[in-house]
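Listed below are the residues making up each chain.
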Amino acid sequence: MRILLAGGAGYIGSHTAVCLLQAGHDVTIVDNYANSCPEAVRRIEQIAGRKADCFQADVKDRDTLLRIFREKPVDCVIHLAGLKAVGESVRNPIEYYRNNIDTTLSLLEVMRETGVHDFVFSSSATVYGEENPIPYLETMKKGSCSSPYGWTKSMMEQILTDAAAADPELSVVLLRYFNPIGAHPSGLIGEDPQGIPNNLMPYIAQVAVGRREHLTIFGDDYDTPDGTCRRDYIHVCDLAEGHRLAVEYAHEHRGVEIFNLGTGKPCSVLELVHAFEEASGVSIPYVIGPRRDGDLPQFWANADKARAVLGWQAGRGIGEMCRDTWNWQKNNPEGYRGGRI
Ligand code: NAD
Ligand code: WQD
């Protein structure tokens, strides 16, 4: 199959592209490099030993998309192109709604025009909101999101659900990711945030490599076993395999299906810090700071459905996630900007 990855040069997209190429699929990447760079695509091809077709383009741009879909006929779309910084979305909601929702609408319009029916969407555990009990289950009602970013995901799920209800040929798989971390074991691709990292794992990795002095842990007075927040961290390579299986599932089915992609196991901030120290042999200085607005004390996935229906299970543990993150960070201390290795 030929799979079009919108946002395929980014963190999750690059790992998914490698996985799909290695499974024998053809890959088209469409990315405007708003949060990535062409070097990532070169490295995807290096790992896979195969070319991907890559277009630098804005996924909002219908005409360009149409040209790309006609030049390289597509069997399935994976939509990863989105802005994802929670705090930035609070400060600049219009940009987030415009980018995230327009990319989805343009893809759906061009798919309709070119007769493409299979759509896999990068959604997020954030759509469960604050109201639901843990672990989160796909059958739960969505909750209220704590940021415009979260609302874009919730709204896009609704748009895709409505589109599938109106078009019996459309197949939509909504993948709700938990907290993706880790990197490809080659150390060639990984997460490369611009500026100060918002997320825990890239922050820890930058402290380890000497780019930041210390980590600030946002609160140690939560009602959790060690007082720090707990999350369901999942290795990005496990996530990539989830996409491959979702593409195959979308091809065989119609309508909408939701899957949680998580390990089902919570891990606290302090546990992650200590696991990273053990995997890297580097100590991570930290201070305890105030709680961060909008953080939930803890959540994790019930991932039984993905196992039962897709045959998918997260096989990599926290130690492997830390080891692979460190391997990426120490080989690329400045990320892709450090040049070729
Ligand atoms: P990322 O920023 O590394 O990748 C997103 C890619 O989309 C980037 O390469 C960016 O340049 C591209 N992009 C953004 N807007 C675009 C546009 N208009 N046209 C073309 N390209 C565009 O982020 P990621 O971590 O790989 O996340 C991928 C998707 O998964 C996002 O939609 C994100 O919201 C979602 N998601 C991520 C996480 C996470 O923690 N990383 C968790 C849940 C969901
Ligand atoms: C994890 C834990 C922080 C940084 C976010 C988005 C979510 C999804 C994944 C896209 C929390 C603590 C963090 C730091 C810290 N993205 N922390 N010091 O907030 O669970 O999820 O990314 O869909 O929508 O909200 O992930 O990595 O930011 O935080 O103590 O410097 O680490 O308080 O408990 P989060 P995170």
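What this report covers is the structure whose coordinates are included nearby. (Residues numbered from 1 in each chain as written. Chains lettered and ligands numbered in written order. Predicted model: local features only at pLDDT ≥ 70, side-chain atom pairs only at ≥ 80, totals over all residues. Heavy atoms only, no water.)

## A look at the overall build of the protein
For the protein, the helix and strand inventory stands at 11 helices and 13 strands. What you see for the protein is a C-alpha radius of gyration of 19 Å, in line with the 20 Å of a compact globule of 341 residues. Counting the 341 residues in the protein, one finds 56% classified as buried. A separation of at least 24 residues holds for 79% of the contacts in the protein among residues at least 6 apart in sequence. Taking the average location of the 34 positive side-chain charges in the protein and that of its 45 negative ones, the two points are 3 Å from each other. (Helix = DSSP H or I, 4+ residues; strand = E, 2+ residues; numbered from the N terminus. Rg over C-alpha atoms; globule rule 2.2 N^0.38 Å. Buried < 20%, exposed > 50% of the residue type's maximum accessible area, 1.4 Å probe, protein only. Contact = heavy atoms within 4.5 Å. Lys, Arg positive; Asp, Glu negative; His and termini not counted. Charge placed at Lys NZ, Arg CZ, Asp CG, Glu CD.)

## Digging into the site of ligand 1
The environment of ligand 1 is formed by 28 residues, the closest being Ile-12, Asp-31, Asn-35, Ser-36 and Tyr-149. Ile-12 places a polar main-chain atom, nitrogen or oxygen, 2.8 Å from an oxygen atom of ligand 1. Going through the elements one at a time, α1 (11-22), α5 (93-114), β5 (118-124) and α6 (148-166) are the ones with two or more residues in the shell around ligand 1. Of all the elements, β5 adds the most residues to the shell around ligand 1, at three residues. (Near = heavy atom within 4 Å. Polar contact = N/O pair within 3.5 Å; in protein donor to acceptor, adjacent residues only side chain to side chain.)

## Observations regarding the pairing of strand β8 (residues 215-218)
Along β8, the buried face is formed by Leu-215 and Ile-217; none of Thr-216 and Phe-218, which line the opposite face, is buried. Relative to strand β13 (residues 286-289), β8 is paired through four bridges, and the arrangement is parallel. In the sheet register, Leu-215 faces β13, and the bridge partner there is Tyr-286. (Pairing = 2+ DSSP bridges.)

## Digging into the pattern of salt bridges
According to the stated counting rule, one finds 27 salt bridges in the structure shown. The residue Asp-53 makes a salt bridge to Arg-2 at a minimum N-O spacing of 3.0 Å. One end of the pair, Asp-53, is in strand β3 (residues 53-56); the other, Arg-2, is in strand β1 (residues 2-6), with 51 residues separating them in the sequence. Across the pair Glu-320 and Arg-316 runs a salt bridge, and its minimum N-O distance is 3.9 Å. (Salt bridge = Lys/Arg side-chain N within 4 Å of Asp/Glu carboxyl O.)

## Structural notes on the sheet that holds strand β2 (residues 26-31)
Strand order in this open sheet of seven strands is β3-β2-β1-β4-β5-β6-β11, and the pairing throughout is parallel. Of all strands in the sheet, those with a lone pairing partner are β3 and β11 (255-261), marking the two edges. Along the sheet, successive strands turn relative to each other by an average axial angle of 15 degrees, direction set aside. Where α1 meets the sheet, its contacts fall on β1, β2, β4 (76-79) and β6 (171-177), and the angle it forms with β1 comes to roughly 170 degrees. (Axes fitted to C-alpha atoms, helices over the stretch in contact; angles between N-to-C directions.)

## Quick look at the site of ligand 2
In the vicinity of ligand 2 lie 18 residues, with Tyr-149, Leu-200, Thr-216, Arg-231 and Asp-295 positioned nearest. At 2.5 Å from an oxygen atom of ligand 2 is found a side-chain nitrogen or oxygen belonging to Tyr-149. A distance of 2.5 Å separates an oxygen atom of ligand 2 from a polar side-chain atom of Arg-231. For ligand 2, whose accessible area on its own is 690 Å², the fraction buried by protein is 88%. Top contributing element to the shell around ligand 2 by residue count: β8, with four residues. Residues that form the shell around ligand 2 fall into these classes: nine nonpolar, six polar and three charged. (Areas by Shrake-Rupley, 256 points an atom, 1.4 Å probe, with all protein chains shown as cover. Nonpolar A, V, L, I, M, F, W, Y, C, P; charged D, E, K, R; others polar.)

## A short note on empty space enclosed by the protein
What the rule picks out here adds up to two cavities of 30 Å³ or more. In this model, the largest cavity occupies a volume close to 60 Å³. In terms of lining residues, the largest cavity is bounded by Tyr-11, Ile-181, Gly-182, Ala-183, Glu-191, Met-201, Pro-202, Ala-205, Thr-325, Trp-328 and Gln-329. For the lining of the largest cavity, the elements supplying multiple residues, two or more each, are α7 (200-208) and α11 (318-331). (1 Å grid on protein atoms, 1.4 Å probe; cavity = no way out; pocket = protein on both sides within 12 Å on 5 of 7 lines; lining within 4 Å. Points joined across faces, edges and corners; volume = space filled by probe spheres on them.)

## Quick word on the environment of Ile-68
Within the secondary structure layout, Ile-68 lies in helix α3 (residues 62-71). Not counting residues up to four positions away in its chain, the partners in contact with Ile-68 are Leu-4, Thr-28, Val-30, Phe-55 and Ala-57.

## Looking at the layout of surface pockets
Quantified by volume, the second largest pocket comes out at close to 220 Å³. Around the second largest pocket, the lining residues are Leu-105, Leu-108, Glu-109, Met-111, Arg-112, Gly-115, Val-116, His-117, Ala-163, Ala-166, Asp-167 and Leu-170. Among the elements of the structure, α5 and α6 are those that each provide at least two residues to the lining of the second largest pocket. Sorting elements by how many residues they give to the lining of the second largest pocket places α5 first, with five residues. For the lining of the second largest pocket, the residue count by class is seven nonpolar, two polar and three charged.

## Let's talk about the side chain of Glu-191
As for its position among the elements, Glu-191 is in the loop between β7 (179-181) and α7. A relative accessible area of 15% means that Glu-191 is categorised as buried. Residues within four places of Glu-191 in sequence aside, it is in contact with Tyr-11, Lys-84, Asn-199, Pro-202 and Trp-328.

## Here we look at the packing of α7 against α11
Between two packed helices, the angle of one axis relative to the other and the distance separating the axes together describe the packing. Across the interface, α7 lies against α11 with an axial gap of 10 Å and an inter-helix angle of 55 degrees. By the angle class used here, α7 and α11 are oblique. For the pair α7 and α11, the crossing hand works out as right-handed. Contacts between α7 and α11 involve Met-201, Ala-205, Gln-206 and Ala-208 on the former and, on the latter, Met-321, Cys-322, Thr-325, Trp-326 and Gln-329. Partitioned by chemical class, the residues of the contact of α7 with α11 number six nonpolar, three polar and no charged. (Parallel < 35°, antiparallel > 145°, perpendicular 65-115°, else oblique. Left-handed = near helix turned anticlockwise from the far one by under 90°.)

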